[in-house]
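The chain contents come next:
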Amino acid sequence: MVLENLKSNIDSIIASQSTREEKLQEICNYLKSEITYYDWVGFYFKNGDKEELKLAQYAGEETEHTIIPFGKGICGQVALSNENFVVQDVSEQDNYISCGWKVKSEIVIPIFIDGENIGQIDIDSHTINPFSTEDEKLLEYICEKITVFL
């Protein structure tokens, strides 16, 4: 993973004249195509005033998890903790929502605007133990940068 190249291409997507939805979709598509162990990439955002997350743009297999209650699964836990959550082996997690038998690991990074957790980026991998601090840095960078158009 060449972090600076990935960041530069993400910056180009963000600077484009595309709509909010198109930019988010393009980021999902880009990450999934560029990082071999990113098998599903998606954004979840807080669903209005409800204590739940709603799926927005994503790249990868369809998921039935379009609404996730706060506290449920990895994404729901991040909605409450406001902290990154890296799960290198989902079989070791009690509070995990299975997205399919192929998913072996997951990383979720929250998105903040004015100190409020408004959503997150969620990555599923079919590989056990693939995520490094480089992944966290890249995803934190993306979550910070996309706030300019959210």
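Residues numbered from 1 in each chain as written. Predicted model: local features only at pLDDT ≥ 70, side-chain atom pairs only at ≥ 80, totals over all residues. Heavy atoms only, no water.

**Q** How should helix α2 (residues 20–34) be read in this particular structure?
**A** What sets the pattern is the α-helix's 3.6 residues per turn: residues three or four places apart point alike. Along its 15 residues, α2 runs 21 Å from first to last C-alpha, staying within 8% of the 21 Å computed at 1.5 Å per residue. Of the residues making up α2, those classed as buried are Lys23, Leu24, Ile27, Cys28, Tyr30 and Leu31. Relative to the axis of α2, the buried residues are bounded by an arc of 165° and lie together on one face. At its buried positions, α2 is contacted by α1 (3–15), β1 (40–46), β2 (52–59), β6 (116–125) and α4 (133–145). (Helix = DSSP H or I, 4+ residues; strand = E, 2+ residues; numbered from the N terminus. Expected span 1.5 Å × (residues − 1). Buried < 20%, exposed > 50% of the residue type's maximum accessible area, 1.4 Å probe, protein only. Arc of directions from axis to C-beta. Contact = heavy atoms within 4.5 Å.)

**Q** How should I be thinking about the packing of aromatic side chains in this particular structure?
**A** The geometry of an aromatic ring pair is captured by the separation of the ring centres together with the interplanar angle, meaning the angle of the planes. One pass over the structure, following the stated rule, counts six aromatic pairs. Ring geometry for Tyr37 against Phe131: centres 6.1 Å apart, planes inclined by 65°, an arrangement best described as edge-to-face. Linking Tyr37 in the loop between α2 and β1 with Phe131 in the loop between β6 and α4, this pair joins segments that are 94 residues apart in sequence. Each of the two residues, Tyr37 as well as Phe131, counts as buried. For the pair Trp40 and Tyr44, a centre-to-centre distance of 6.3 Å together with 35° between the ring planes defines the contact as tilted. (Phe/Tyr/Trp six-rings, centres within 6.5 Å; stacked < 30°, edge-to-face > 60°.)

**Q** Even after reading the chapter, I still don't get the pattern of salt bridges, so can you show me in this structure?
**A** In a structure, side chains of opposite charge can pair up when their charged atoms sit close to one another. Tallied over the full model, the rule gives two salt bridges. With a shortest N-O distance of 3.7 Å, Arg20 and Glu21 are connected by a salt bridge. Given a relative accessible area of 31%, Arg20 falls into the partly exposed group. Note on Glu21: relative accessible area 40%, which makes it partly exposed. (Salt bridge = Lys/Arg side-chain N within 4 Å of Asp/Glu carboxyl O.)

**Q** What exactly am I supposed to notice about the packing of α1 against α2 here?
**A** Each pair of packed helices can be summarised by the angle the axes make with each other and by the distance between the axes. Interaxial distance between α1 and α2 falls to 9 Å at its minimum, and their mutual angle equals 160°. In this view, α1 runs roughly antiparallel relative to α2, as classed from their interaxial angle. In this structure, α1 crosses over α2, and the sense of that crossing is right-handed. Facing Asn5, Leu6, Asn9, Ile10, Ile13 and Ile14 of α1, the residues of α2 in contact are Lys23, Glu26, Ile27, Tyr30, Leu31 and Glu34. Residues that form the contact of α1 with α2 fall into these classes: seven nonpolar, two polar and three charged. (Axes fitted to C-alpha atoms, helices over the stretch in contact; angles between N-to-C directions. Parallel < 35°, antiparallel > 145°, perpendicular 65-115°, else oblique. Left-handed = near helix turned anticlockwise from the far one by under 90°. Nonpolar A, V, L, I, M, F, W, Y, C, P; charged D, E, K, R; others polar.)

**Q** So what exactly am I meant to see when it comes to the nonpolar core here?
**A** Buried together is how nonpolar side chains tend to be arranged in soluble globular proteins. In terms of nonpolar packing, the biggest core is built from 30 residues, with Leu31 and Phe43 touching the most fellow members. Elements that contribute at least two residues to this core include exactly α1, α2, β1, β5 (105–113), β6 and α4. Setting aside residues no more than four positions away along its own chain, Leu31 makes contact with Ile10, Tyr38, Val41, Ile121, Leu138, Leu139 and Ile142. Among the nonpolar cores identified, the runner-up in size contains 17 residues, and Tyr44, Phe85, Ile97 and Val108 belong to it. (Core = buried A, V, L, I, M, F, W, Y, C linked by side-chain atoms within 4.5 Å.)

**Q** Sorry if this is basic, but what is going on with the side chain of Lys23 here?
**A** By secondary structure assignment, the location of Lys23 is in helix α2. No salt bridge is formed by the buried Lys23; the nearest opposite charge belongs to Glu22, separated by 8.4 Å. In this structure the side chain of Lys23 is engaged in a polar contact, spanning 2.8 Å, whose partner is the backbone oxygen of Ile14. What Lys23 contacts, discounting residues up to four positions off in sequence, is Ile13, Ile14, Ser16, Ser18 and Phe149. (Lys, Arg positive; Asp, Glu negative; His and termini not counted. Polar contact = N/O pair within 3.5 Å; in protein donor to acceptor, adjacent residues only side chain to side chain.)

Geometric descriptors of this kind do not, in isolation, establish any biological role.
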